Amino acid sequence: MTTETAASATATGGPDLPQERRLVTEIPGPRSRALHERRTAAVASGVGSTLPVYVAAAGGGVILDVDGNSLIDLASGIAVTSVGNSAPEVVRRVTEQVKAFTHTCFMVAPYEGYVEVCEALVRLTPGDHAKKAALFNSGAEAVENAVKIARAHTGRDAVVVFDHAYHGRTNLTMAMTSKNMPYKHGFGPFAGEVYRAPMSYPFREATDLTGAEAAARAIDVIEKQVGADNLACVVIEPVLGEGGFVVPAEGFLPAIAQWCTDNGVVFVADEIQSGMCRTGAWFACDHEGVVPDLVTVAKGLAGGLPLAGVVGRAEIMDAPHAGGLGGTYGGNPVACAAALGAIATMEQLDLPAAARHIGESMGGRLRALAENVPAIGEVRGRGAMLAIELVKPGTKEPDAALAGRISGGCHQAGVLTLTCGTYGNVLRFLPSLVMPDHLLAEALDVLEEVTTGLV
Ligand code: PLZ
């Protein structure tokens, strides 16, 4: 490592980092470009990066790069750093834990942090029935384990997922993920017994469908093509993440959940992206009072450290035989300490309310922009999980190129944005929930300027 990058790599992040957008070089700057050259030589090209500015520090609502540029972060590492990067309570607890012990393996010699995270998940997830939890390393691993648990409980094999779904990149979760490119292409054969049902996607329905009608359409497919007797679980994102931040029509989720209950099918809410305060409630299912049998969590759970969990009805969670669930690192003590710091921060700062506040101000700005920009077909989402879908004006034809140009323009102006959607034409906004108001307003000024300059 050169002396310069060594110095910047130790820069202090957290909320005390100046909360400003400041560009001192072009984006990416010379040090980032030099690092990118090293990366290109050493890192496999299948691993991409949205914006190759190399990070020195981050906190609050900004990322400081190795060239000294300070970018407004509307990505939060894909909905992970909801409490802010290097949040003080996360740093404090992680530091203490690292000094105490870094690993024993919960399956070998257990520790309190793991138990405490499970207690918190039991308390915070929807429903006041008896619940239990288990911890893993990544979202995909949590989804895999939810399926294992549902199969053990029901003695059935089939799994139903939905159009536009994203559940991960491991073999089973690739099968569950809908989009071929880039997630599945060339990586088959995929796991069997995974079936896909139509999702409620209000903007793209041929005719207006109520949530109940969209649910009836999906249930018809499930009954005709799978059969409830063969079905272990239905896995659904209550707000689509990678699929485009689609909020299903009201009544859709409750109807699917009710059908599952009536047919002894485990209803699994994949809240890996939508959970942990992001949508203005602890979980997106809370908005419609839906109580899932199992919930998968990851991302926002641990303030940036890798941790995931499955939590749900105790009798379902306890179905697998002893030793049937686990993994070397699942529920690592440092990641658990981070999660306890993140959860404490969420409770102390009332981050569900912060997400609602962001949703109101950002939603207002985005809707005002949409009035002047016919290429914005829809503004949607919940809380601090908002997006705009870009189309050819006057049609619903997706305009992925425009989404890419707007996102690229924002990057050049020092605002980190992400795209998503089956058609790649959705710009999504995932600020940290501790993003200062003035910074969010400035990011939206930039978005507005870039968008109106391009259409
Ligand atoms: N379920 C709903 O959003 C992760 C992945 C981006 P992991 N989404 C971001 C990418 O290109 O890999 C995600 C999700 C939902 C499951 C996952 C998987 O979580 O922690 O990435 O495995």
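Please refer to the structure placed before this passage.
Residues numbered from 1 in each chain as written. Predicted model: local features only at pLDDT ≥ 70, side-chain atom pairs only at ≥ 80, totals over all residues. Heavy atoms only, no water.

Participant: Looking at this structure, I do not really get the overall build of the protein. What am I missing?
Facilitator: Each helix and strand counted, the protein has 14 helices and 15 strands in total. In terms of overall dimensions, the protein is globule-like: its C-alpha atoms have a radius of gyration of 22 Å, near the 23 Å expected for 455 residues. Seen along its three principal axes, the alpha-carbon backbone of the protein occupies a region of about 60 × 60 × 45 Å. Sorting the 455 residues of the protein into buried and exposed places 55% on the buried side. Intrachain contacts of the protein at a sequence separation of at least 6 include 74% that bridge at least 24 residues. Of the charged side chains in the protein, 34 are positive and 49 negative, and the gap between their average positions amounts to 4 Å. (Helix = DSSP H or I, 4+ residues; strand = E, 2+ residues; numbered from the N terminus. Rg over C-alpha atoms; globule rule 2.2 N^0.38 Å. Buried < 20%, exposed > 50% of the residue type's maximum accessible area, 1.4 Å probe, protein only. Contact = heavy atoms within 4.5 Å. Lys, Arg positive; Asp, Glu negative; His and termini not counted. Charge placed at Lys NZ, Arg CZ, Asp CG, Glu CD.)

Participant: Which parts of the structure should I look at to understand the side chain of Gln19?
Facilitator: With respect to the helices and strands, Gln19 occurs in the loop between helix H1 (3–9) and helix H2 (30–42). Classification of Gln19 as buried rests on a relative accessible area of 17%. Polar side-chain contacts of Gln19 include one of 2.7 Å to the backbone nitrogen of Gly61. In this structure, Gln19 is in contact with Gly14, Gly59, Gly60, Gly61, Val62, Pro436, His438 and Leu439, ignoring residues within four places of it in sequence. (Polar contact = N/O pair within 3.5 Å; in protein donor to acceptor, adjacent residues only side chain to side chain.)

Participant: I'm lost on the sheet that holds strand S13 (residues 415–416) in this one. Help?
Facilitator: In a beta sheet, neighbouring strands pair by backbone hydrogen bonds and run either parallel or antiparallel. Reading across from one edge, S1-S2-S3-S13 is the order of the four strands in this open sheet, with mixed pairing throughout. Two strands in the sheet have a free side with no partner beyond their single neighbour: strand S1 (55–59) and S13. As judged from the three bridges shared by strand S2 (residues 62–65) and strand S3 (residues 70–73), these two strands associate in the antiparallel manner. Residue Val62 lies in a different strand from S3, and its bridge partner there is Ile72. (Pairing = 2+ DSSP bridges.)

Participant: Can you help me understand the site of the ligand in this one?
Facilitator: The ligand sits among 14 residues. The nearest are Gly139, Ala140, Arg169, Asp270 and Gln273. A distance of 2.8 Å is found between an oxygen atom of the ligand and a backbone nitrogen or oxygen belonging to Gly139. A distance of 2.8 Å separates an oxygen atom of the ligand from a polar atom in the backbone of Ala140. Within the complex, 83% of the 510 Å² of free accessible area of the ligand lies under protein. Each residue belonging to the shell around the ligand can be placed in one class, and the counts come to five nonpolar, four polar and five charged. (Near = heavy atom within 4 Å. Areas by Shrake-Rupley, 256 points an atom, 1.4 Å probe, with all protein chains shown as cover. Nonpolar A, V, L, I, M, F, W, Y, C, P; charged D, E, K, R; others polar.)

Participant: Please explain unusual backbone geometry as it appears in this structure.
Facilitator: Most peptide bonds are trans, and most residues other than glycine sit at a negative phi. Residue Pro182 is bonded to the preceding Met181 through a cis peptide linkage, with omega at 5°. The residue Pro182 is located in the loop between helix H7 (171–176) and strand S6 (194–197) in this model. Note the cis peptide between Gly188 and Pro189, where omega equals 5°. Along the chain, the position of Pro189 falls in the loop between H7 and S6. In this structure, His164 is a non-glycine residue whose phi angle is positive, near 75°. Turning to its location among the elements, His164 is positioned in the loop between strand S5 (158–162) and H7.

Participant: Help me out: how do you make sense of the pairing of strand S4 (residues 131–136) in this one?
Facilitator: Within a regular beta strand, the side chains point alternately toward one face of the sheet and then the other, so they alternate between its two faces. Taking burial as the measure, the six residues of S4 include five buried ones, the bulk of the element. By the bridge criterion, six bridges tie S4 to strand S10 (residues 308–313) in an arrangement that is antiparallel. What sits directly across from Lys131, in S10, is Arg313.

Participant: Whenever I open this one, the sheet that holds strand S15 (residues 426–429) confuses me. Can you help?
Facilitator: Pairing is antiparallel across the open sheet formed by four strands, whose spatial order is S11-S12-S15-S14. Each having just a single partner strand, strand S11 (376–382) and strand S14 (418–420) make up the two edges of the open sheet. Pairs of neighbouring strands in the sheet enclose a mean axial angle of 30°, with direction left out of account. Pairing between strand S12 (residues 385–390) and S15: four bridges, direction antiparallel. What sits directly across from Ile388, in S15, is Leu427. Sitting on the sheet, helix H13 (residues 400–412) is in contact with S12, S14 and S15, with an inclination near 35° to S15. (Axes fitted to C-alpha atoms, helices over the stretch in contact; angles between N-to-C directions.)

Participant: Looking at this model, I keep getting lost on the nonpolar core. Mind explaining?
Facilitator: Most often, soluble globular proteins keep nonpolar side chains buried together rather than apart. Core analysis: the largest hydrophobic core is formed by 96 residues, its most contacted members being Met176, Leu294, Leu307 and Leu447. Sorting elements by how many residues they give to this core places helix H11 (residues 333–348) first, with nine residues. Among all residues touching Met176, those that are not within four sequence positions of it are Val143, Val147, Val159, Val161, Ala165, His167, Val194, Arg196 and Val235. The next biggest cluster of nonpolar side chains, apart from the first, holds 31 residues, and it includes Val226, Ile256, Trp259 and Cys260. (Core = buried A, V, L, I, M, F, W, Y, C linked by side-chain atoms within 4.5 Å.)

Participant: Just checking my understanding: could you explain the environment of Gly341 for this structure?
Facilitator: Relative to the assigned elements, Gly341 resides in helix H11. Accessibility expressed as a relative area gives 0% for Gly341, which makes it buried. Note: C-alpha distance between Gly341 and Val90 (251 residues apart in sequence) is 4.3 Å. In this structure, Gly341 is in contact with Glu89, Val90 and Arg93, ignoring residues within four places of it in sequence.

Participant: Just to check I follow, could you spell out the pattern of salt bridges for this structure?
Facilitator: A pair can form between side chains of opposite charge whenever their charged atoms are brought close. Tallied over the full model, the rule gives 18 salt bridges. The salt bridge partner of Arg313 is Asp293, with a shortest N-O separation of 2.7 Å. One end of the pair, Arg313, is in strand S10; the other, Asp293, is in the loop between strand S8 (266–270) and strand S9 (294–297), and 20 residues separate them in sequence. The partly exposed category is assigned to Arg313, whose relative accessible area is 22%. Among the charged side chains, a network of salt bridges with common partners joins Glu89, Arg92, Arg93 and Glu96. (Salt bridge = Lys/Arg side-chain N within 4 Å of Asp/Glu carboxyl O.)

Participant: I would appreciate a short explanation of helix H12 (residues 351–372) in the present structure.
Facilitator: Since the α-helix packs 3.6 residues into each turn, any two residues three or four apart lie on the same face. With 22 residues, H12 extends 32 Å from end C-alpha to end C-alpha; this agrees with the ideal 32 Å at 1.5 Å per step. Of all the residues in H12, the buried ones are Leu351, Pro352, Ala354, Ala355, Ile358, Gly359, Met362, Gly363, Leu366, Leu369 and Ala370. The buried residues of H12 occupy one face: seen down the axis, they fall within an arc of 155°. Along H12, exposed side chains directed more than 90 degrees from the buried face belong to Glu360, Glu371 and Asn372. Looking at the buried positions of H12, the neighbouring elements they touch are H11, S11, S12, S15 and helix H14 (437–454). (Expected span 1.5 Å × (residues − 1). Arc of directions from axis to C-beta.)

Scope: geometric values only; no functional claims are made or implied.
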